[in-house]
Amino acid sequence: MPRAWNFSAGPATLPEPVLRRAQSEMLEWRDAGASIVEISHRGPEFMEVAAAAESALRKLLSIPDDYAVLFTQGGATTQQALIPLNFAAPGQPADYVISGHWGKTAMKQAAPYVATHVAASSEADRYRTIPARDTWQLASDAAYVHITANETIHGSEFRDIPDVGDVPLVADFSSSIASEPLDVSKFGILYAGAQKNLGPVGISVVIVRRDLLERDGQPRADIFDYRSQLKAESMLNTPPTWNWYMLGLTVQWMLDEGGVEEFAKRNARKAALLYGAIDDSGGFYRNDIDPAVRSRMNVPFFLHDEALEKAFLSESKAAGLIALKGHRVVGGMRASIYNAMPEEGVQALVAFMDDFRKRHG
Ligand code: PMP
């Protein structure tokens with residue numbers, strides 16, 4: 001089967017030029033005499049790759065100098081446990097705004113270490129909305145306020161950065177990092193697993209305002225200590241060199257394509273096209289999320305008749321469109337349309353959906 005349009009939520013489709021470049025460098029990386037995955041992380045070749053990835057990411061996201069960038073293992077979920085350990089005193093309150101599955105996960109990971117407090121939740125509304133800022137009830141003395149910038153499963157996204165005053169805002173950007181320009185200085189900490197917009201799974205990025213690293217946090221092993229990781233340039237132990245290299249290629253590709261301004265335009269066009277196809281289907285397809293906070297990255301949708309789901313999935317696959325099955329938590333379908341999904345892929349999906357509706361409507 002040739003390469004299909006891949007709508008997987010993550011690990012997700014990667015830019016074809018990145019895959020081709022990695023393929024061409026797989027056996028011998030420049031003059032190293034070996035693959036990049038076969039050489040020491042402390043050698044000059046990999047150190048250069050690592051530094052280039054960081055400087056490209058800093059450029060792509062306009063990360064101010066007073067923010068440190070860490071490249072870590074363990075995925076976004078591990079950061080959800082490490083953030084309270086590093087930035088909250090034992091049992092200190094920490095606010096969580098729950099707008100979907102991943103906000104809940106974040107709170108669960110933090111629960112052993114802090115007094116997690118639900119500042120707001122749209123669970124009662126089945127996460128079709130994001131709680132309005134003026135309804136949040138923030139704890140006094142909270143170590144931070146945690147939000148999920150984009151809820152990958154439920155398909156909602158913060159469209160404005162909430163103001164939480166002097167308390168650091170911590171945001172899980174796993175599924176929307178680099179999808180549009182962002183004012184990093186509005187956040188205390190941003191983190192993201194790479195496997196949606198930044199590269200393959202196996203590496204995560206933590207962007208943290210340096211003054212927060214002065215917080216004592218809680219007793220923890222060195223390996224769980226962001227301060228130690230920063231001092232060791234994210235190489236306290238053997239880092240995932242392949243993933244770091246691939247992240248660097250992916251970020252450089254985004255810069256070459258025009259950066260986050262360009263991707264914001266492409267992503268807006270892709271989302272408008274797909275939501276338009278759903279909304280204009282006369283009820284054949286349906287998305288339940290408040291239009292004001294619909295995700296530009298993950299588009300869950302339902303068919304008017306559940307019995308058609310099987311046919312939709314098998315026919316879409318036959319048409320070269322893969323990974324459209326929705327997450328088991330919500331069911332239905334889901335199309336993830338990250339930066340690496342070309343507009344052509346979304347056009348192909350919409351054409352298929354129109355055709356399917358005509359044949360089965
Ligand atoms: N947060 C969000 C928003 C996610 O989409 C995911 C994964 N889909 C996670 C956290 C968990 O990431 P990981 O599997 O890297 O731990």
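- Under the annotation held in an unreviewed UniProt entry, the protein carries the name Phosphoserine aminotransferase and is attributed to Noviluteimonas lactosilytica.
- Listed in UniProt under the heading Sequence similarities (unreviewed entry), the comment for the protein reads: "Belongs to the class-V pyridoxal-phosphate-dependent aminotransferase family. SerC subfamily."

1. Focus: the overall build of the protein
Here's step 1: Per the secondary structure count, the protein includes nine helices and 14 strands.
Here's step 2: Taking 361 residues into account, the globule formula puts the C-alpha radius of gyration at 21 Å, and the protein, at 21 Å, falls close to it.
Here's step 3: Over its C-alpha atoms, taken along the principal directions, the protein stretches across nearly 60 × 55 × 30 Å.
Here's step 4: Residue pairs at least 24 apart in sequence account for 68% of intrachain contacts in the protein once pairs closer than 6 positions are excluded.

2. Here we look at the site of the ligand
Here's step 1: Residues in contact with the ligand, as listed here, are Gly10, Gly75, Ala76, Thr77, Trp102, Thr148, Thr152, Asp172, Ser174, Ser175 and Gly193.
Here's step 2: Here the shell around the ligand takes three residues from helix α3 (residues 75-87), the largest share from any one element.
Here's step 3: A class-by-class count of the residues in the shell around the ligand yields two nonpolar, eight polar and one charged.

3. A word on the domain arrangement of the protein
Here's step 1: Once the domains are mapped, the protein shows domain 1 (17-256) and domain 2 (259-360).
Here's step 2: Using only C-alpha atoms to locate each centre, domain 1 and domain 2 end up separated by 27 Å.
Here's step 3: Contributing elements (two or more residues each) for the side of domain 1 that touches domain 2: β6 (150-151), β7 (156-157) and α6 (241-257).
Here's step 4: For the side of domain 1 that touches domain 2, the residue count by class is seven nonpolar, eleven polar and six charged.

4. Looking at the sheet that holds strand β4 (residues 115-121)
Here's step 1: Taken in spatial order, the seven strands of this open sheet run β2-β10-β9-β8-β5-β3-β4, and their pairing is mixed. Of all strands in the sheet, those with a lone pairing partner are β2 (67-72) and β4, marking the two edges. Sheet twist, expressed as the mean angle between neighbouring strand axes with direction ignored, is 20°.
Here's step 2: Here strand β3 (residues 93-98) runs beside β4; their pairing, made up of six bridges, is parallel. Among the inter-strand pairings, Asp95 is bridged to a residue of β4, identified as His117.

5. Considerations on the UniProt feature "binding site: pyridoxal 5'-phosphate" (unreviewed entry) in the protein
Here's step 1: Under the local residue numbering, the UniProt record ascribes the feature "binding site: pyridoxal 5'-phosphate" (unreviewed entry) to Ala76, Thr77, Trp102, Thr152, Asp172, Gln195, Asn237 and Thr238. Annotated residues spanning 163 residues; largest pairwise C-alpha distance 30.3 Å, indicating distribution over more than one region.
Here's step 2: In this structure, Thr152 sits in the loop between β6 and β7.
Here's step 3: Contact partners of Thr152, with chain neighbours within four places excluded, come to Ala9, Trp102, Ser174, Ser175 and Asn298.
Here's step 4: One can find Gln195 in the loop between β9 (189-193) and β10 (204-209).
Here's step 5: By the C-beta count within 10 Å, which is 24 here, Gln195 ends up buried.
Here's step 6: Once residues within four sequence positions are removed from consideration, Gln195 is found in contact with Gly10, Pro11, Ala12, Pro200 and Val201.

6. So, the pairing of β10
Here's step 1: For β10, the tally of buried residues reaches five of six residues, placing the bulk of the element in the interior.
Here's step 2: Bridge analysis of β2 against β10 gives six bridges, and the strand direction is antiparallel. Note that in β10 the partner of Leu70 across the bridge is Val206.
Here's step 3: Pairing of β9 with β10, which is carried by five bridges, proceeds in the antiparallel orientation. Counted as the bridge partner of Ala192 is Val205 from β10.

7. Structural notes on unusual backbone geometry
Here's step 1: Across the junction of Gly10 and Pro11, the peptide omega takes the value -5°, indicating a cis bond.
Here's step 2: Summarising the element assignment, Pro11 is placed in the loop between β1 (5-6) and α1 (16-25).

8. Observations regarding the nonpolar core
Here's step 1: Judged by nonpolar contacts, the single largest core of 102 residues is most densely connected at Val145, Ile189, Ala192, Val205, Leu274 and Ile337.
Here's step 2: Three or more residues apiece are contributed to this core by two domains, here domain 1 (17-256) and domain 2 (259-360).

9. Notes on the UniProt feature "binding site: L-glutamate" (unreviewed entry) in the protein
Here's step 1: On the UniProt side, "binding site: L-glutamate" (unreviewed entry) is annotated at positions that read Arg42 here.
Here's step 2: When you line up the elements, Arg42 lands in the loop between α1 and α2 (44-61).

10. A word on the packing of helix α7 (residues 259-279) against helix α9 (residues 343-360)
Here's step 1: Two numbers describe how α7 lies on α9: the axes approach to 10 Å, and their chain directions differ by 5°. On the basis of the axis angle, α7 is roughly parallel to α9. Along the contact surface, α7 presents Arg266, Arg269, Lys270, Leu273, Leu274 and Ala277, while α9 presents Glu343, Val346, Gln347, Leu349, Val350, Met353 and Asp354.

11. As for helix α4 (residues 101-110)
Because each turn of an α-helix spans 3.6 residues, side chains separated by three or four positions end up pointing in the same direction.
Here's step 1: Turning to α4, its buried residues are Trp102, Gly103, Ala106, Met107, Gln109 and Ala110. Each buried residue of α4 sits inside an arc of 160° when the element is viewed along its axis, so together they form one side.
Here's step 2: Elements in contact with the buried residues of α4: α3, β3, β4, β5 (145-148), β6 and β8 (169-172).

12. So, the environment of Ala232
Here's step 1: Topologically, Ala232 is positioned in the loop between α5 (226-231) and α6.
Here's step 2: Taking the C-alpha atoms as reference, Ala232 lies 21 Å from Ala194; in sequence the two are 38 residues apart.

13. Topic: the environment of Gly199
Here's step 1: Mapped onto the elements of the fold, Gly199 is located in the loop between β9 and β10.
Here's step 2: A tally of 30 C-beta atoms within 10 Å means that Gly199 is categorised as buried.
Here's step 3: The spacing of Gly199 and Arg220 is 21 residues in sequence and 29 Å in space, taken between C-alpha atoms.
Here's step 4: Excluding its chain neighbours within four sequence positions, the residues that come into contact with Gly199 are Leu14, Ala194, Asn243, Met246, Leu247 and Thr250.

Rules used in this analysis
- Residues numbered from 1 in each chain as written.
- Predicted model: local features only at pLDDT ≥ 70, side-chain atom pairs only at ≥ 80, totals over all residues.
- UniProt positions renumbered as here; feature names shortened; annotations may be inferred.
- Helix = DSSP H or I, 4+ residues; strand = E, 2+ residues; numbered from the N terminus.
- Rg over C-alpha atoms; globule rule 2.2 N^0.38 Å.
- Contact = placed C-beta atoms within 7 Å.
- Near = placed C-beta within 6 Å.
- Nonpolar A, V, L, I, M, F, W, Y, C, P; charged D, E, K, R; others polar.
- Domains from an automatic or database assignment.
- Pairing = 2+ DSSP bridges.
- Axes fitted to C-alpha atoms, helices over the stretch in contact; angles between N-to-C directions.
- Buried ≥ 20, exposed ≤ 12 C-beta atoms within 10 Å, placed from the backbone.
- Core = buried A, V, L, I, M, F, W, Y, C linked by C-beta atoms within 7 Å.
- Parallel < 35°, antiparallel > 145°, perpendicular 65-115°, else oblique.
- Arc of directions from axis to C-beta.

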